[in-house]
Amino acid sequence: MPATFCLDLGSVYIKSKEAPAKDVLKDLVEMCRGIQNPVRGLFLRSYLSQVSKDKLPDIGSEYEGDADTVSDAVEFVLQNFTEMNKLWVRMQHQGPSREKEKREKERSELRDLVGKNLHVLSQIEGVDLDMYKDVVLPRVLEQVVNCKDELAQFYLMDCIIQVFPDEYHLQTLDVLLGAYPQLQPSVDIKTVLSQLMERLSNYAASSAEVLPEFLQVEAFSKLSNAIGKVIEAQPDMATAGVVTLYSSLLTFTLHVHPDRLDYADQVLGACVKNLSGKGKIEDKKATKQIVALLSAPLEKYNDIMTALKLSNYPRVMEFLDIPTNKVMATVIIQSIMKNATRISTSDKVEALFELIKGLIKDSDATPNDELDEDDFKEEQNSVARLIQMLYNEDPEEMFKIIETVRKHILTGGPKRLPFTVPPLMFSSLKLVRQLQGQGQEENPFGDDSATSPKKIFQLLNQTIETLSGVLAPELALQLCLQCAEAANDCELEPVAYEFFTQAYILYEEEISDSRAQVTAIHLIIGTLQRMHVFGVENRDTLTHKATGYSAKLLKKPDQCRAVYACSHLFWVDDHDNMKDGERVLLCLKRALRIANAAQQMANAARGNTGSVMLFIEILNKYLYFFEKGNPQVTVAAIQGLIELIMNEMQSDTATSDPSADAFLATTMRYIQFQKQKGGTVGEKYEPIKV
């Protein structure tokens, strides 16, 4: 008679209720012992579990007996589980050793047959916490430990965690954790233990009402001790496994004890202790887990300030290799940006910059030619954005922050300074303007003041010198002009003059590219135009230099445009002592001569006079100063220039230029519009013929 037929017959017999269900089930379990082939025995007992699961003498079941029938149901399932596990383990010894890999694959495919018994146990209504603690868990763990099989131990420990309630795990933590060190050294305990902590973390996060249970059973202490014992029992555990365990424990701690930073720091400290002596961790799995470990506090608290309170946090970062250290530093900066974290003291800035020093300082171990250019720029831009976020309303503390940042970024090397110096400069200038706005009573600008604009400018001057020493003269010149303008607002003429002098030296000695010279001279002219702090002598000196540089540019059109731009240096609105009509006219006439020379050169080289665009631009300058009331710019001069332009455009050698035609047409319409205004403006423009 087939064995499965006997099981079906037994199932029908239980349904008839002619005998107690527990007796029939006991007989069926014993009957299955007759099948010695492991695979056939597994499938037969699996079939027994399937046909009997709805006929167990459970509480509320129609097969419930008069006595303690829940124990009978549990005993039946445990016996079946025990026998199935023995058969499953025995499979590894069947057949020749050369087929061991094939057998292990078959065993892995059959594991769910054994695990279903634990699922059935978890579904028995009568299995309460006490029965689980006193009977079910000890019997299951006994079988798991005694089978001494790697595959079985890993799978069954995972099953226990997955199928039974989280509350049961919490209340039996001692028993469950006590089994881990007894498992085979080759068992992947880190994964199973991490899954347990993940389940408990989610349970803690599900409701605040369950948190007292965790405190009552001292879950953190037990898990921490268990991890220590597991690592001790498996001295060959990979670094990735060690970090994974502590990462899971930290996640658990942050969910259950979010207010206990000492617990979180204790976890990090234990991780440091176990990693000590290993140097930089280069294993990708391990570094990934370290990043997860370090990211957990940032994700939980959304505040880098909390992470900075953890003394072991930077010690863990020391184990990261250079690329991963940069990744973690970027994660930290992104967290600050995302949460708009305010870092407002110099000591916190010091601690933060120690954490992200991988992005700030060049490493001898990483040659510059190995750095990806785009990645490098993004890294440095993130550091620049971070510097802009550092702020304290108290000038004294803000100055300390600036000094701290400066100390760190000046170690950054020539490639980093052009990214990190400008935000530091602008933060410093912001402080200067803040002090300037407070007035003399609150912060006298004398040398004795703890934080004065003069002292800040001295610091900025030294910083610019460092920048100009790393082959970034154009940037250094721009920053010099920014500082000069800030000194102008603070009425510090000597400081402003010094910065302008420095800018001129940079222009003369360091900037040789013609396009860069054009950009630089227009920046100089624009800044000098806005300066009002200079006396007559200093202003004349600086203005004379600017006009001289303009006339010496390589290309004639660039010369022309720079020279007529200099005309604005001699006529500044709202400053009557800075209006010199004659020198304005001299600049415009000089620009005309240069434009004419450019035309002649074009004619000699190409056989045509080229565009009249420069003449039209100069005409617009004439009109500007004419409107501003410069007596030296007369109607006759404007009329003569218009006639010159018309003659040039009608010349046989003239070059067609649609943009010049459009510009001239717009200029003529403007003159006509001003005529039609009437009043004083109309009278002024009336003599001009267009």
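## Topic: the overall build of the chain
Logical step 1: Within the chain, the regular secondary structure consists of 35 helices and zero strands.
Logical step 2: Taking all 690 residues of the chain together, the buried fraction comes to 50%.
Logical step 3: For the chain, restricting intrachain contacts to residue pairs at least 6 apart in sequence, the fraction spanning at least 24 positions comes to 70%.
Logical step 4: As presented, the chain carries roughly 32800 Å² of accessible surface, and 49% of it is formed by carbon and sulfur atoms.

## Considerations on the packing of aromatic side chains
Logical step 1: Considering all chains together, one arrives at 16 aromatic pairs under this definition.
Logical step 2: An aromatic cluster is defined as three or more aromatic residues linked by ring pairs; in this entry it consists of Y497, F500, Y504, Y507, F534 and Y549.
Logical step 3: A cation over an aromatic ring shows up here: K415 above the ring of F376, its NZ or CZ 4.7 Å from the ring centre.
Logical step 4: Positioned over the ring face of Y391 is K430, at 4.9 Å from the centre of the ring.

## Side note on the confidence of the model for the chain
Logical step 1: Considering every residue of the chain, the mean pLDDT works out to 85; 86% of them sit at 70 or more.
Logical step 2: Under a pLDDT of 50 for its full length, residues 440–446 has, in the predicted model, 14 contacts with residues more than four places off or in other chains.

## Here we look at the side chain of T239
Logical step 1: Structurally, T239 is set in helix α14 (residues 239–256).
Logical step 2: By relative accessible area, T239 is classed as buried at 18%.
Logical step 3: Once residues within four sequence positions are removed from consideration, T239 is found in contact with L275, K278, I281 and A286.

## Here we look at the environment of M649
Logical step 1: Its place among the elements puts M649 in helix α33 (residues 635–650).
Logical step 2: For M649, a relative accessible area of 27% corresponds to the partly exposed category.
Logical step 3: Spatially, the C-alpha atoms of M649 and V612 are 7.1 Å apart, while their sequence positions differ by 37 residues.

## Section: the pattern of salt bridges
Any two side chains of opposite charge can pair, on the condition that their charged atoms come close.
Logical step 1: Inspection of the entire model under this criterion finds 18 salt bridges.
Logical step 2: Salt-bridge contacts for D174 lead to K222; the nearest nitrogen and oxygen are separated by 3.1 Å. Taken as a pair, D174 in helix α10 (residues 173–179) and K222 in helix α13 (residues 219–233) lie far apart in primary sequence, 48 residues in all.
Logical step 3: By relative accessible area, which is 22% here, K222 ends up partly exposed.

## Some details on the environment of E142
Logical step 1: Tracing the backbone through its elements, the reader meets E142 in helix α7 (residues 129–147).
Logical step 2: Note on E142: relative accessible area 46%, which makes it partly exposed.
Logical step 3: For the pair E142 and A179, spaced 37 residues apart in the sequence, the C-alpha separation amounts to 8.7 Å.

## Concerning the nonpolar core
Logical step 1: Counting 211 residues, the largest nonpolar core has Y180, Y313 and I332 as the members making the most contacts within it.
Logical step 2: Setting aside its immediate chain neighbours within four residues, Y180 contacts M157, I161, I189, V192, L193, L196 and V230.

## Quick look at helix α15 (residues 261–275)
Logical step 1: Helix length check: α15 (15 residues) gives 21 Å between terminal C-alpha atoms against 21 Å at 1.5 Å per residue, within 8%.
Logical step 2: Of the positions making up α15, those classed as buried are Y263, A264, D265, V267, L268, G269, C271, V272 and L275.
Logical step 3: G277, located one to two residues past α15, shows a positive phi value of around 90 degrees.

## Things to note about unusual backbone geometry
Logical step 1: A positive phi angle, near 50 degrees, is found at N302, a position not held by glycine.
Logical step 2: Residue placement: N302 occurs in the loop between α16 (284–301) and α17 (304–308).
Logical step 3: Residue classification places N302 among the partly exposed residues on the basis of a relative accessible area of 39%.
Logical step 4: Even without glycine at this site, E491 takes up a positive phi of about 60 degrees.

Cut-offs applied
- Residues numbered from 1 in each chain as written.
- Predicted model: local features only at pLDDT ≥ 70, side-chain atom pairs only at ≥ 80, totals over all residues.
- Heavy atoms only, no water.
- Helix = DSSP H or I, 4+ residues; strand = E, 2+ residues; numbered from the N terminus.
- Buried < 20%, exposed > 50% of the residue type's maximum accessible area, 1.4 Å probe, protein only.
- Contact = heavy atoms within 4.5 Å.
- Areas by Shrake-Rupley, 256 points an atom, 1.4 Å probe, with all protein chains shown as cover.
- Phe/Tyr/Trp six-rings, centres within 6.5 Å; stacked < 30°, edge-to-face > 60°.
- Lys NZ or Arg CZ within 6 Å of the ring centre and 35° of its normal.
- pLDDT = per-residue confidence, 0-100.
- Salt bridge = Lys/Arg side-chain N within 4 Å of Asp/Glu carboxyl O.
- Core = buried A, V, L, I, M, F, W, Y, C linked by side-chain atoms within 4.5 Å.
- Expected span 1.5 Å × (residues − 1).

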